[in-house]
Amino acid sequence: RASRRCAPLASSAGAASGAQPPPRRVRFLFSDTGGGHRASALALQGAMESMYPGQIECDLVDLFVASKVWPFCEAPAAYRWMAARPIVWKLFFEAGATPLGAWINEVLTDMLCGRRYRELLAARPRPDCVVSVHPLMQGPALRALAANDGGTRTTPFATVVTDLGSAHPKWFHAGVDACFVPSDVLAHVALREGLRPEQVVQRGLPIRKAFWRGRAGLGSKADVRLSLGLDANAPTCLAVGGGDGMGDLAAVAVGVAEALGRRPGRSQLVVVCGRNEAVQADLDARAWPDNVRVAVLGFVSDMERYMGAADVLVSKAGPGTIAEAAAMGLPCVLSSFLPGQEAGNVDFVADAGFGALHEHPASIGRTVREWLDKPAQLEGMAEAALAAARPDATADIARDLAKLVLGTRTASHV
C-alpha cells in the first residue's frame, strides 16, 4: 500500500554557494480527448509551481494536436464524435486495448509522429522531467526521449493515470520511472500489466486546489447558496455534463425537474451546460414546475462552489468530477458512462457507497427525489464520499514528481 504523504524536497543544487539555480522544467503531455487530462495536468502544474516557486516551472503540450500530423491532430474532435456514440467508442476502445491494436497504434505513431515528437520533447526550454497524463503517450514519448538523450533515456519520465476505476492497458509501460495510480484497483492492474512494485505509486486523482479543503473552505451550505443567488434553504440538485455538456444533459434535467416538482415544498436544480450552447438555449426556453427553481448555466470556473451548494450531484461517470464530488462529500447519481474507459468509475462510486448508476431520465429524477426525502441516508452517503476522497493527492503527487525533477529518481511506492 502506498504511503499517503512524503516530505517536501528542496533542491540541493547551488546550496553550498547560496546561489539560486535556474528552475527545472516539467513538461506535461496530454490531449483534450476528454476534459480530465488537461484538468489533471493543470492541477499538478499549479501545485508544483506554488509549492516550489523559483525551483520548478511547467508547461503543457498536446502531443496529438501539436504534431500537426493527420489523423492524430484531429484526436480531440474525433473523441467528441465517438463519445456521443458509445457503441462506436466501445469498438474503438476495445480494439485499441488488444495486443494487435496496441501494436498497430505504436507502429503508426512512431512512423508518422516520431520525428515531430522528438522535436516537441526537445523544444526549449528543454524539459528536465516529462509527465504523461494520457494513455497513448507512454511508449512513443519514451522512445522520442531516448533518441533525444543519445540512445538511452536519461530524462525522468512519469505517468499519472487520470482514470479512476478502470483503465486502458496503454497507461502502463514498464519503462517509466514512476506510474501514479488513484485506486487499489488500478494499482493491481499496473502490476498485472508488468510494472514493478517500486514503479507504482498510489496517491489518488489530481484535483484542483479549490477542492483540497472540501466544504471547509467555503462556509455553510446556506451561505454558499446565497452567494450564488440561490435559495438558501431549498434542497438542491446539481446536474453537470462536463465541459462540453455531454451525457444527454437536457433530458436528464427535465427528468430531475419533473420529479422534484412532485415533492412538497420548494426544491432547486442547477444545470451546468459547459460549452454546449444548444443545450443551454433549449433549457432556458423551457417551462419548469412552479415549486422548482431552475438555474441554467454555461461554463463555470467555480464548480467547487456549486458542488458546495448542492445536496446531490447528477453527472456522467467522469473520473475528475467523481473525485471532486468525493472531496466535497457529495452523493452522486451517475447518468451515463463511456464503455471501457468509465465503466470502472461506476463500480468505484457504488462500492464506496456514495452513489449509483441510473441511466433513464425518469429513474434519475426519481432517485434524486428519494434521496432528498431521506436526509439521514443522504448524510451517510456524504460521509462515504468523504471517506473515499483523496484531497491530498495533487500535493502528494507534486512532491513525488519534485523528487524526480530535482535530483532523485525514486518515488514512494506501493
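Residues numbered from 1 in each chain as written. Predicted model: local features only at pLDDT ≥ 70, side-chain atom pairs only at ≥ 80, totals over all residues. Heavy atoms only, no water.

Draft legend 1. Main features of the sheet that holds strand 2 (residues 56-62). Spatially, the six strands line up as an open sheet ordered 2-1-3-4-5-6, and their pairing is parallel. Lying at the two open borders of the sheet, with one neighbouring strand each, are strand 2 and strand 6 (200-202). For this sheet, the mean angle separating the axes of adjacent strands, direction not counted, is 25 degrees. Bridge count between strand 4 (residues 157-160) and strand 5 (residues 178-181): three bridges; the pairing is parallel. Residue pairing across strands places Thr159 opposite Cys179, the latter belonging to strand 5. (Pairing = 2+ DSSP bridges. Helix = DSSP H or I, 4+ residues; strand = E, 2+ residues; numbered from the N terminus. Axes fitted to C-alpha atoms, helices over the stretch in contact; angles between N-to-C directions.)

Draft legend 2. Spotlight on the confidence of the model for the chain. For the chain, mean pLDDT is 91; residues scoring 70 or higher make up 93% of the total. Per-residue pLDDT stays below 50 along residues 1-16; that stretch engages in 40 contacts with residues further than four places along the chain or on separate chains. Across residues 408-414, where pLDDT falls below 50, the model places 32 contacts with residues more than four positions away in sequence or in other chains. (pLDDT = per-residue confidence, 0-100. Contact = heavy atoms within 4.5 Å.)

Draft legend 3. Up close: the side chain of His37. By the secondary structure assignment, His37 is in helix 1 (residues 35-51). Exposure remark for His37: the relative accessible area of 6% places this residue in the buried category. At 3.4 Å, the side chain of His37 forms a polar contact with the backbone oxygen of Thr33. (Buried < 20%, exposed > 50% of the residue type's maximum accessible area, 1.4 Å probe, protein only. Polar contact = N/O pair within 3.5 Å; in protein donor to acceptor, adjacent residues only side chain to side chain.)

Draft legend 4. Broad picture of the sheet that holds strand 11 (residues 332-334). On the basis of which strands lie adjacent, the open sheet formed by six strands has the order 9-8-7-10-11-12 and parallel pairing. The two strands at the open ends of the sheet, each matched to only one other strand, are strand 9 (292-297) and strand 12 (355-357). On average, each strand axis in the sheet is tilted by 15 degrees relative to the strand beside it, whichever way the strands run. With three bridges joining them, strand 10 (residues 312-315) and strand 11 adopt parallel strand pairing. Each bridged residue has a counterpart across the sheet, and for Val314 the counterpart in strand 11 is Val333.

Draft legend 5. How the structure looks around the packing of aromatic side chains. Under the criterion given, the structure shown has five aromatic pairs. Pairing Tyr79 with Trp89 gives two aromatic rings, centres 5.4 Å apart and planes at 85 degrees, and the pair type is edge-to-face. Here Tyr79, found in helix 3 (residues 75-83), pairs with Trp89, found in helix 4 (residues 86-97); they are ten residues apart in sequence, far enough to count as distant. The residues Tyr79 and Trp89 share a single accessibility class, namely buried. Ring centres of Trp89 and Phe93 lie 6.2 Å apart, and the angle between their planes is 45 degrees; on these two criteria the pair is classed as tilted. With a gap of four residues between them, Trp89 and Phe93 both fall in helix 4, about one helical turn apart. (Phe/Tyr/Trp six-rings, centres within 6.5 Å; stacked < 30°, edge-to-face > 60°.)

Draft legend 6. Region of the structure containing helix 12 (residues 319-327). Of all nine residues in helix 12, seven are buried, a share of seventy percent or more. Of all the positions in helix 12, only Pro319, Ile322, Ala323, Glu324, Ala325, Ala326 and Ala327 are classed as buried. Where helix 12 is buried, its residues meet helix 11 (303-309), strand 10, strand 11, helix 13 (343-352) and helix 15 (375-388).

Draft legend 7. Region of interest: the pairing of strand 8 (residues 267-272). The element strand 8 is largely enclosed, with a buried count of six among its six residues. One ladder, built from five bridges, connects strand 7 (residues 236-240) with strand 8; its direction is parallel. Counterpart to Thr236 in the pairing with strand 8 is Gln268.

Draft legend 8. Layout of a nonpolar patch on the surface. On the surface, a nonpolar cluster with roughly 680 Å² of combined accessible area is contributed by Leu100, Trp103, Ile104, Val107, Leu108, Met111 and Leu112. You can see Met111 is positioned in helix 5 (residues 99-122). Classification of Met111 as exposed rests on a relative accessible area of 58%. (Patch = residues over 30% accessible without salt bridge, like charges linked within 9 Å, V, L, I, M, F, W, Y side chains within 5 Å. Areas by Shrake-Rupley, 256 points an atom, 1.4 Å probe, with all protein chains shown as cover. Salt bridge = Lys/Arg side-chain N within 4 Å of Asp/Glu carboxyl O.)

Draft legend 9. View of the pattern of salt bridges. Inspection of the entire model under this criterion finds 24 salt bridges. The salt bridge involving Glu119 is made with Arg115; its shortest N-O contact spans 2.7 Å. You can see Glu119 and its partner Arg115 sitting in helix 5, four residues apart, about one turn around the helix. Residue Arg399 pairs with Asp396 through a salt bridge whose shortest N-O separation is 3.1 Å. Residue Arg399 and its partner Asp396 are both found in helix 16 (residues 393-405); the two are separated by three residues, about one turn of the helix.

Draft legend 10. Structural context of the nonpolar core. If you look at the biggest cluster of nonpolar residues, it comprises 36 residues, and the most contacted ones within it are Leu238, Met303, Met307, Leu313 and Phe354. Among the secondary structure elements, those contributing two or more residues to this core are strand 7, strand 8, helix 11, helix 12, strand 11, helix 13 and helix 15. Broken down by element, the residue count for this core peaks at five residues, all from helix 12. When sequence neighbours within four positions are dropped, the list of residues in contact with Met307 reads Phe211, Arg215, Leu238, Leu313, Thr321, Glu324, Ala325, Met328 and Leu330. Core analysis: the next-biggest nonpolar cluster, separate from the first, contains 31 residues, Val69, Phe157, Ala167 and Ala190 among them. (Core = buried A, V, L, I, M, F, W, Y, C linked by side-chain atoms within 4.5 Å.)

Draft legend 11. Quick peek at the packing of helix 1 against helix 16. Viewed as axis vectors pointing N to C, helix 1 and helix 16 meet at an angle of 65 degrees, and their least axial separation amounts to 9 Å. As for the relative orientation of helix 1 and helix 16, their crossing is right-handed in sense. Of the residues in helix 16, those touching helix 1 at Ala43, Leu44, Ala47, Met48 and Met51 are Thr394, Ala395, Ile397, Ala398, Arg399, Leu401 and Ala402. For the contact of helix 1 with helix 16, a count of residues per class yields ten nonpolar, one polar and one charged. (Left-handed = near helix turned anticlockwise from the far one by under 90°. Nonpolar A, V, L, I, M, F, W, Y, C, P; charged D, E, K, R; others polar.)

Draft legend 12. Structural view of the side chain of Arg203. Residue placement: Arg203 occurs in the loop between strand 6 and helix 8 (221-227). Polar contacts involving the side chain of Arg203 include one to the side chain of Asp400, which spans 2.9 Å.

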